[in-house]
Amino acid sequence: MSWVDLRVLEKYANFSELVVNSLGDKIATVVEDEEGQRFIWVNGKTIDGPFERVNFLQFTPNGDLIASVQKDGLWTVWKEGVLWEEFFEYLWNLKTDNSGQKVLANVKIDGNYTVCVDGVPWSHSFYDTRDLFVSPTGAKVATYVRLENYPVLEIFNFAKGMWSLAVNDVFWDKKFLALFGCCFSPKETRVATAVRLTDRSFTIVVDNVCWEKSFYQVWEPRFLDENQVVAPVKTSRGWELYCNGSPFWERSFTQLWNLKVFPEKKRVAAIVALELGKWTLAVDGKTWKPTFGQMVLEPHFSPDGERIAAVVRHQNRWGLVVNEVCWDLVWERIGDPVFSPKGGKIAAKAEKDGGYYLLVENKVLEGPYTYLWDPVFLEEDTLLIRGIKEKSYFTKEIKV
Amino acid sequence: MEGFVRKPVFDIGIDKTIERLDKQKIKRAIERVLNEEATVRFKIFLETCMRCGMCSESCHHYLSHDRDPSYAPASKVKLTLGDLIAKKGKIEKADLKRYARIAFTECNLCRRCTQFCPFGIDIAYLISLVRRLCGVLGVAPQFIQDQVYSHMSSYNMLWFKQDEWIDTIQWIEDELRYEIKNARIPLGKKDADILLLIHGLEAKYMTPLLSNMLKIMLASGVDFTLPDTDGWDYTNKSLYMHDFETMTLVTKRHYEIASKLRVKRILITECGHAYRAALYESARLLGWKEAPIPFIHAVEFFYEILVQGKIKIAHKVKEKATLQDPCNIVRYRGLGPKLRFIVRQLCEDFVEMTPNQEYNYCCSSGGGMVDAGPPWKGARIEGGKVKIEQIKETGASLVIAPCHTCHKGIEDLIEHYKVDAHVKFLADLIAEHMEIPERLRP
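Note that the structure is predicted; figures quoted are calculated from it, not measured. (Residues numbered from 1 in each chain as written. Chains lettered and ligands numbered in written order. Predicted model: local features only at pLDDT ≥ 70, side-chain atom pairs only at ≥ 80, totals over all residues. Heavy atoms only, no water.)

1. Concerning the overall build of chain A
1) Next: Of regular secondary structure, chain A possesses one helix and 45 strands.
2) Next: Once the C-alpha set of chain A is aligned to its principal axes, its extents read approximately 60 × 55 × 35 Å.
3) Next: Here chain A holds 400 residues, and 59% of them are scored as buried.
4) Next: In chain A, 34% of the contacts between residues at least 6 apart in sequence involve partners at least 24 apart.
5) Next: About 15,900 Å² of surface is accessible on chain A, with carbon and sulfur atoms providing 48% of the total. (Helix = DSSP H or I, 4+ residues; strand = E, 2+ residues; numbered from the N terminus. Buried < 20%, exposed > 50% of the residue type's maximum accessible area, 1.4 Å probe, protein only. Contact = heavy atoms within 4.5 Å. Areas by Shrake-Rupley, 256 points an atom, 1.4 Å probe, with all protein chains shown as cover.)

Set out below in structure tokens:
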């Protein structure tokens, strides 16, 4: 069990949002002195600084602390006390792969934009880059890039398309009006994205090859396997799920988005609106019975792919729905569902009347606390709680 | 077209685009908009109109043009959709040009006329269909199209880059420290109570206004954040050309950021059309009956923090002040009483325009007219004669306009018609006149 007195932070002029690692034994933030100098603070002590600014402070999945830092007006990456050698005019969208080994960011160099991975900038730079995507092992890194720099008001040139995708320092030759929803295949060999072809037509592009059909509109695609890409598309029937350019599910919906795929079992879950204000999930083409008036957030598969859970909002209260069974809809906010390693249990943090609670299988096990981070399953029956109570950070293991 | 006489105005986005169209494209767009997208109310409204003329006197364009019947709302429908139906869709390019001119520059979609129609016909909806038809064909004022192309790829109206956004907010944070001790503006903070979205202009040309809004947020002590990525600009100018595809893309992004950060509410600064888009137009196109996460306007926020005593007005505005009721927040959403509460807290000498609240006249810049740019400035100045007369009659030297469009529109009217008055946002007035709590004084 960890315990850190957070009252010590009050002696600083400022401190930013607190971040914790997955083991719970480290809590970090950026503190600021009266002169506006920033320092990186971990478990009660400043460990590095001063910097002019520190942004995107975060723990990687393997527990390293990283951030973007500014010195002498220039930016670089700080990783556990070590700075990248190269500094940039700006650096943002700091990310890592799932292991936390590879660190990457969008960077600005001499007025142009590119990507830097582990301190090595790509050889190509662009007029602009937006958003950064990394595949699970870091094998692929992608960003939207602007290949043309027409001045404002040149609407007929804009209509030709200016944007493309760059993957691992190689940019696609096709230019689009816009791109969104970049994703990678399960084995990380392929890349897909939604694109806007013209003012009123959209399609899906996979490795620089467009689907043959175009649509009134599309939303973010997902790979079902290395060769099949599914995406919500809008046709004269409404919103439909297509795969590789052909209908995949039979029925259409008022809305269809937030696809989640479980590749090992080729399962597809999506959020759908059956009619205006009637939201639910559709899994493998079959819609769930409970419906919700306001919102259903992205679906989450259990590790074995058998259970599916999603955060829902109905009559101004939040809750969870799990395999068509609705948890109590009583919360002012609720975190994403967290599955136990075998998928047998689901935990989530939730908040009501200013207090945070730990829920497991729809039962309140702990709380209220001042704050809780998402719970972590250490084993199938052991949960790690990371929270704040009476101005102290604490962790606690509980049996569930 | 008989009775439709206008001074020629050249707009690349309308004229050049129409030149490039062929009949097949126009036919296909008409089929799509009228047969596939328009709902049954389109035909019912058209068939129900008795040409009674009750809507005419309600329209500021009609009144400002010496009651020229071609500016009457029913005439505008007749000259566009009526003409299209009468010709069974077989229209000429000149017809399309007229439709675009009427729909984009002679109707602000203010919906005042609907209140006077004995049948409640939503004329703005019918004009919106004309805009949609034009939009599907890419026919719209060039300046609006530029903003929409920016929204498509960057989710903001000004081609702002991602680093520029973060850098701007952090620069404003530094500047704020001269007035607010240790001011800190969180970006991408999870579990904050409020997600603040701003107008694109506030990040580029109107940063003092944004500073004032942030000063109020800090003084009120609310738990808030701004996005740390695209989606910070709520403007969604695509509403003006009824580009449903961009409208929904942008609105989806706003609610996605809010749900990802798990905020309880989204707050926007002083704007009218974006409020309507997020609560109604875009929300419904996406499948929501209402805003899925509470979406509040600055007027609602200011009212709340004043009522709750989270901020206090230290000294009142002394000059005579009047108030512009923005159509999209007052006529559409009934924020008039809250707006008046704020104004009475702020001003010693407040005088109403006549008429006011839901019957107030549009500023003549709404619905995208101000965004249509320099070619159409004359049109909105002409259409705003009624508004400037209203302002003059109050004798006020200060016009409070809690909407970017109203603000700019009235500023231009005041300049053109040489009225001795100036325009202010609520955020500017509150920030100037509120008490800075002791703990926040540098």
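2. Things to note about the side chain of Thr76(A)
Residue and element names in this part refer to chain A.
1) Next: Examined against the element boundaries, Thr76 turns out to sit in strand E9 (residues 74-79).
2) Next: Here Thr76 falls in the buried class, since its relative accessible area comes to 0%.
3) Next: Within the local environment of Thr76, its side chain forms a polar contact with the backbone oxygen of Trp84, the two atoms lying 3.3 Å apart.
4) Next: Side-chain polar atoms of Thr76 contact the backbone oxygen of Glu86, separated by 2.8 Å.
5) Next: Not counting residues up to four positions away in its chain, the partners in contact with Thr76 are Ala67, Ser68, Val69, Leu83, Trp84, Glu86, Phe87 and Leu91. (Polar contact = N/O pair within 3.5 Å; in protein donor to acceptor, adjacent residues only side chain to side chain.)

3. Observations regarding the pairing of strand E12 (residues 103-109) of chain A
Residues and elements named next belong to chain A.
1) Next: For E12, the tally of buried residues reaches six of seven residues, placing the bulk of the element in the interior.
2) Next: Where strand E11 (residues 90-96) meets E12, five bridges bridge the pair, whose relative direction is antiparallel. Pairing of Leu91 across the sheet is with Val107, part of E12.
3) Next: Counting the residues that bridge the hairpin from E11 to E12 gives six residues, and of these Gly100 lies at a positive phi of roughly 90°.
4) Next: In terms of strand pairing, E12 meets strand E13 (residues 112-117) through six bridges, oriented antiparallel. When the bridges of E13 are listed, Leu104 appears paired with Val117. (Pairing = 2+ DSSP bridges.)

4. Comments concerning the interface of chain B and chain A
1) Next: Counting from both sides, the interface comprises 69 residues of chain B and, opposite them, 66 residues of chain A.
2) Next: With both sides pooled, the region where chain B packs onto chain A buries about 5,600 Å², and carbon together with sulfur makes up 49% of that total.
3) Next: Joining chain B to chain A, the criterion identifies 17 salt bridges.
4) Next: Residue Arg333(A) pairs with Asp193(B) through a salt bridge whose shortest N-O separation is 3.2 Å.
5) Next: Seen at the junction of chain B and chain A, the total is 46 residue pairs in polar contact (both at pLDDT 80 or more).
6) Next: Of all the secondary-structure elements, those providing two or more residues to the side of chain B that touches chain A are helix H1 (12-20), helix H2 (23-37), helix H8 (123-136), helix H9 (142-154), helix H10 (162-176), helix H13 (244-261) and helix H14 (273-286) of chain B. (Buried area = accessible area lost by both parts, 1.4 Å probe. Salt bridge = Lys/Arg side-chain N within 4 Å of Asp/Glu carboxyl O.)

5. With respect to the environment of Phe133(A)
All names here are of chain A.
1) Next: In this structure, Phe133 sits in strand E15 (residues 128-134).
2) Next: Accessibility expressed as a relative area gives 18% for Phe133, which makes it buried.
3) Next: Distance from Phe133 to Gly355, taken between C-alpha atoms, is 35 Å for residues 222 residues apart in sequence.
4) Next: Beyond its immediate chain neighbours, meaning those up to four positions away, Phe133 contacts Lys140, Val141, Ala142, Tyr144, Cys182 and Phe184.

6. Re the packing of aromatic side chains
1) Next: Tallying each qualifying case throughout the model produces 31 aromatic pairs over all chains.
2) Next: On the numbers, 6.5 Å between centres and 70° between planes, the contact of Phe180(A) with Phe202(A) is edge-to-face. Note that Phe180(A) is positioned in strand E19 (residues 178-184) and Phe202(A) in strand E21 (residues 201-206), a separation of 22 residues in sequence. Phe202(A) carries the same exposure label as Phe180(A), and that label is buried.
3) Next: For the ring pair Phe215(A) and Tyr242(A), a centre distance of 5.1 Å and an interplane angle of 80° mean the geometry is edge-to-face. On the criterion of sequence distance, the pair formed by Phe215(A) in the loop between strand E22 (209-210) and strand E23 (217-218) and Tyr242(A) in strand E26 (residues 238-243) is long-range, its members being 27 residues apart.
4) Next: Under the relative-accessibility criterion, Phe215(A) is labelled buried at 5%.
5) Next: The side chain of Lys95(A) reaches across the aromatic face of Phe133(A), ending 5.9 Å from its centre.
6) Next: Against the face of Tyr125(B) rests Arg41(B), its NZ or CZ located 3.7 Å from the ring centre. (Phe/Tyr/Trp six-rings, centres within 6.5 Å; stacked < 30°, edge-to-face > 60°. Lys NZ or Arg CZ within 6 Å of the ring centre and 35° of its normal.)

7. A closer look at the nonpolar core
1) Next: Membership of the largest hydrophobic core comes to 230 residues, with the highest contact counts inside it found for Leu96(B), Trp165(B), Ile216(B), Leu226(B), Phe301(B), Phe302(B) and Leu426(B).
2) Next: At 10 residues, the largest contribution of residues to this core is made by H8(B).
3) Next: When near neighbours in sequence (up to four residues on either side) are disregarded, Phe301(B) contacts Ile194(B), Met213(B), Ile216(B), Met217(B), Ser220(B), Val222(B), Leu267(B) and Ile296(B).
4) Next: Grouped together as the second largest cluster of nonpolar side chains are 26 residues, Tyr12(A), Val20(A), Val360(A) and Tyr371(A) included. (Core = buried A, V, L, I, M, F, W, Y, C linked by side-chain atoms within 4.5 Å.)

8. A few points about the packing of helix H15 (residues 298-307) of chain B against helix H16 (residues 336-346) of chain B
Helix packing geometry: the angle between the two helix axes and the distance between the axes.
Residues and elements named next belong to chain B.
1) Next: Following both chains from N to C, one finds H15 and H16 inclined at 55°, their axes separated by 9 Å at the closest point. Considered as vectors, H15 and H16 are oriented oblique to each other. Between H15 and H16 lies a crossing of left-handed hand. Taken together, the residues of H16 that come into contact with H15 (itself represented by Val299, Glu300, Phe302, Tyr303, Leu306 and Val307) are Lys338, Leu339, Phe341, Ile342 and Gln345.
2) Next: Of the residues belonging to the contact of H15 with H16, the class tally is eight nonpolar, one polar and two charged. (Axes fitted to C-alpha atoms, helices over the stretch in contact; angles between N-to-C directions. Parallel < 35°, antiparallel > 145°, perpendicular 65-115°, else oblique. Left-handed = near helix turned anticlockwise from the far one by under 90°. Nonpolar A, V, L, I, M, F, W, Y, C, P; charged D, E, K, R; others polar.)

9. Re the sheet that holds strand E4 (residues 295-297) of chain B
Residues and elements named next belong to chain B.
1) Next: Ordered in space as E2-E1-E3-E4, the four strands form an open sheet in which the pairing is parallel. Of all strands in the sheet, those with a lone pairing partner are strand E2 (224-225) and E4, marking the two edges.
2) Next: As paired strands, strand E1 (residues 194-197) and E2 are joined by two bridges and run parallel to one another. By the bridge assignment for E2, Ile194 is matched with Phe224.
3) Next: Its contacts with the sheet place H13 against E1, E2, strand E3 (265-268) and E4, and it is angled at close to 150° to E1.
4) Next: The strands that H15 touches are E1, E3 and E4; relative to E4, the one it contacts most, it runs at about 80°.

10. As for the packing of helix H12 (residues 207-220) of chain B against helix H20 (residues 426-433) of chain B
Residue and element names in this part refer to chain B.
1) Next: Two elements in contact, H12 and H20, have axes whose closest approach is 8 Å; the angle formed by their N-to-C orientations is 55°. Compared by their axis directions, H12 and H20 come out oblique. Judged by the twist between their axes, the crossing of H12 over H20 is left-handed. Residue-level inspection shows Pro208, Leu209, Asn212, Met213, Lys215 and Ile216 of H12 in contact with H20, the latter providing Ala427, Asp428, Ile430 and Ala431.

11. Some details on the environment of Arg441(B)
1) Next: Along the chain, Arg441(B) turns up in the segment after H20.
2) Next: Polar contacts involving the side chain of Arg441(B) include one to the side chain of Glu438(B), which spans 3.0 Å.

12. Details of unusual backbone geometry
1) Next: A cis geometry characterises the amide bond from Gly49(A) onward to Pro50(A), with omega recorded as 5°.
2) Next: Inspection of the secondary structure puts Pro50(A) in strand E6 (residues 45-51).
3) Next: Between Thr354(B) and Pro355(B) the backbone carries a cis peptide bond, its omega angle lying at -10°.
4) Next: Assignment of secondary structure puts Pro355(B) in the loop between H16 and helix H17 (377-383).
5) Next: Phi is positive for Leu153(A), which is not a glycine, with a value near 80°.
6) Next: Mapped onto the secondary structure, Leu153(A) falls in the loop between strand E16 (141-146) and helix H1 (155-158).
7) Next: Look at Glu324(A): it is not a glycine, yet its phi comes out positive at around 75°.
8) Next: The topology assignment puts Glu324(A) in the loop between strand E35 (317-322) and strand E36 (325-326).

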